Amino acid sequence: MGCRVVLLGLPGAGKGTQAERLAKALGVPHVASGDLFREHLNKNTELGQRARAYIDRGDLVPDEITIGMVAERLARPDCADGFVLDGFPRTVAQAEALERVLDRMGTRLNIVPLIQVSEEVALARLSGRWTCRKCGAVYHTLFNPPKQPGVCDVCGGELYQRSDETPEAHRRRLEVYREQTAPLVDYYRRAGLLVEINGEQSIEDVQADLWAAVRAACGVG
Ligand code: ADP
Ligand code: AMP
């Protein structure tokens with residue numbers, strides 16, 4: 001049966017933070033398209049070289065690059081019993097492609113939680129975000145600081161600020177969400193999958209609301 005979740009929300013809403021915890025609770029992989037891209041950037045692969053300029057500007061990487069990369073990840077055996085998708089889909093074309101991939105696997109999504117925050121809150125969260133170079137865990141200088149500055153609580157790795165953490169890229173990412181990703185809210189509402197979660201609460205309270213919604217949709221816990 002399994003549990004297949006897509007997390008929607010503005011950049012900075014807390015998708016990565018929650019996806020990590022939810023995936024652990026469900027025992028399924030956390031698949032983040034942004035993390036997949038950052039692996040390609042680190043390894044300087046051909047895909048990474050094609051994607052870099054888009055990412056650094058805060059633009060979307062074209063669908064023809066993104067869809068294949070995520071489809072390949074979802075086809076791996078560890079996703080057979082479910083996954084938590086974070087950052088994908090971001091366009092209607094990507095959502096349609098995801099539906100085709102799941103059709104071929106003989107399965108479908110269970111739930112699409114929308115983590116709702118205002119653009120002001122999203123910007124404040126993005127501007128203090130630090131990311132672990134080794135395991136990808138995210139922190140915030142004010143809202144979710146690591147125990148020791150610059151060091152990951154989870155794995156001891158070094159914390160850094162992503163190359164797309166600039167005020168210009170932040171503004172561009174919010175604009176891109178409005179133009180290209182926001183239509184997915186109606187897309188998934190019409191499919192009967194959308195559940196709205198108040199993202200302007202503590203990380204623990206968002207986690208509790210999210211877990212209750214996912215448990216009901218997937219019949220787990
Ligand atoms: P997204 O994946 O949606 O872009 P992240 O999970 O990376 O968002 O979170 C963005 C920033 O906000 C991070 O620095 C994270 O530590 C912080 N954050 C996440 N959830 C909350 C919350 N509920 N309250 C305050 N800060 C949060
Ligand atoms: P994220 O880690 O989700 O904030 O993503 C970082 C950047 O990677 C985005 O600003 C985009 O440039 C790119 N990216 C991630 N996911 C997608 C996607 N589904 N479609 C297009 N570009 C993406």
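Keep in mind the model is a prediction, meaning the values are calculated, not measured.

About the criteria used
Residues numbered from 1 in each chain as written. Chains lettered and ligands numbered in written order. Predicted model: local features only at pLDDT ≥ 70, side-chain atom pairs only at ≥ 80, totals over all residues. Heavy atoms only, no water. Axes fitted to C-alpha atoms, helices over the stretch in contact; angles between N-to-C directions. Helix = DSSP H or I, 4+ residues; strand = E, 2+ residues; numbered from the N terminus. Parallel < 35°, antiparallel > 145°, perpendicular 65-115°, else oblique. Left-handed = near helix turned anticlockwise from the far one by under 90°. Contact = heavy atoms within 4.5 Å. Nonpolar A, V, L, I, M, F, W, Y, C, P; charged D, E, K, R; others polar. Disulfide = S-S within 2.5 Å. Buried < 20%, exposed > 50% of the residue type's maximum accessible area, 1.4 Å probe, protein only. Phe/Tyr/Trp six-rings, centres within 6.5 Å; stacked < 30°, edge-to-face > 60°. Lys NZ or Arg CZ within 6 Å of the ring centre and 35° of its normal. Near = heavy atom within 4 Å. Polar contact = N/O pair within 3.5 Å; in protein donor to acceptor, adjacent residues only side chain to side chain.

Right, let's get into the packing of helix 4 (residues 63-74) against helix 5 (residues 92-104). If you want to describe how two helices pack, look at the angle between their axes and the distance between the axes. Where helix 4 meets helix 5, the closest approach of the two axes is 11 Å, and the angle between their N-to-C directions is 30 degrees. As the angle between them shows, helix 4 and helix 5 are arranged roughly parallel. Once helix 4 is placed against helix 5, the crossing between them reads as right-handed. Contact with helix 4, carried on its side by Asp63, Thr66, Ile67, Ala71 and Leu74, involves Ala93, Gln94, Ala97, Leu98 and Val101 of helix 5 and no other residues of that element. Residues of the contact of helix 4 with helix 5, tallied by class, amount to 7 nonpolar, 2 polar and 1 charged.

Turning our eyes to something else, we now look at the state of the cysteines. Within the structure shown, the criterion is met by 1 disulfide. Paired through a disulfide, Cys3 and Cys218 show a sulfur-sulfur distance of 2.0 Å. The disulfide joining Cys3 to Cys218 has a torsion of about 55 degrees about its S-S bond and is therefore right-handed. Here Cys218 lies in helix 9 (residues 203-218) and Cys3 lies in strand 1 (residues 3-7), a separation of 215 residues in the sequence. The two residues Cys3 and Cys218 agree in class, both being buried. Sulfur of Cys79: no disulfide; nearest cysteine sulfur belongs to Cys3 and is 13 Å away. Residue Cys79 is classed as buried on the basis of its relative accessible area, which comes to 0%. Just so you know, Cys155 is unpaired, no disulfide at all, and the nearest cysteine sulfur is the one on Cys132, 3.6 Å from it. Residue Cys155 is classed as partly exposed on the basis of its relative accessible area of 28%.

Here we take up the packing of aromatic side chains. For the structure shown, the criterion picks out 1 aromatic pair. With 5.0 Å between their ring centres and 85 degrees between their planes, Tyr187 and Tyr188 make a pair best called edge-to-face. An identical accessibility class is assigned to Tyr187 and Tyr188; each is buried. Against the face of Tyr160 rests Arg133, its NZ or CZ located 4.4 Å from the ring centre.

For the rest of this paragraph, the subject is the site of ligand 1. As a matter of local geometry, ligand 1 sits amid 18 residues, with Gly12, Lys15, Thr17, Arg129 and Tyr139 nearest to it. At 3.3 Å from an oxygen atom of ligand 1 is found a main-chain nitrogen or oxygen belonging to Ala13. At a separation of 3.4 Å, a nitrogen atom of ligand 1 approaches a polar backbone atom of Ile203. For the shell around ligand 1, the secondary structure elements donating two or more residues are helix 1 (15-26) and strand 6 (138-140). Broken down by class, the residue content of the shell around ligand 1 amounts to 7 nonpolar, 8 polar and 3 charged.

Among the structural elements, Thr66 can be located in helix 4. Take Thr66: its relative accessible area is 4%, and that puts it in the buried class. Residues Thr66 and Gln94, spaced 28 residues apart in sequence, show a C-alpha to C-alpha distance of 8.3 Å. Each residue touching Thr66, except ones within four places of it in the same chain, is listed here: Phe37, Val61, Phe88 and Gln94.

In short, geometric facts, not functional conclusions.
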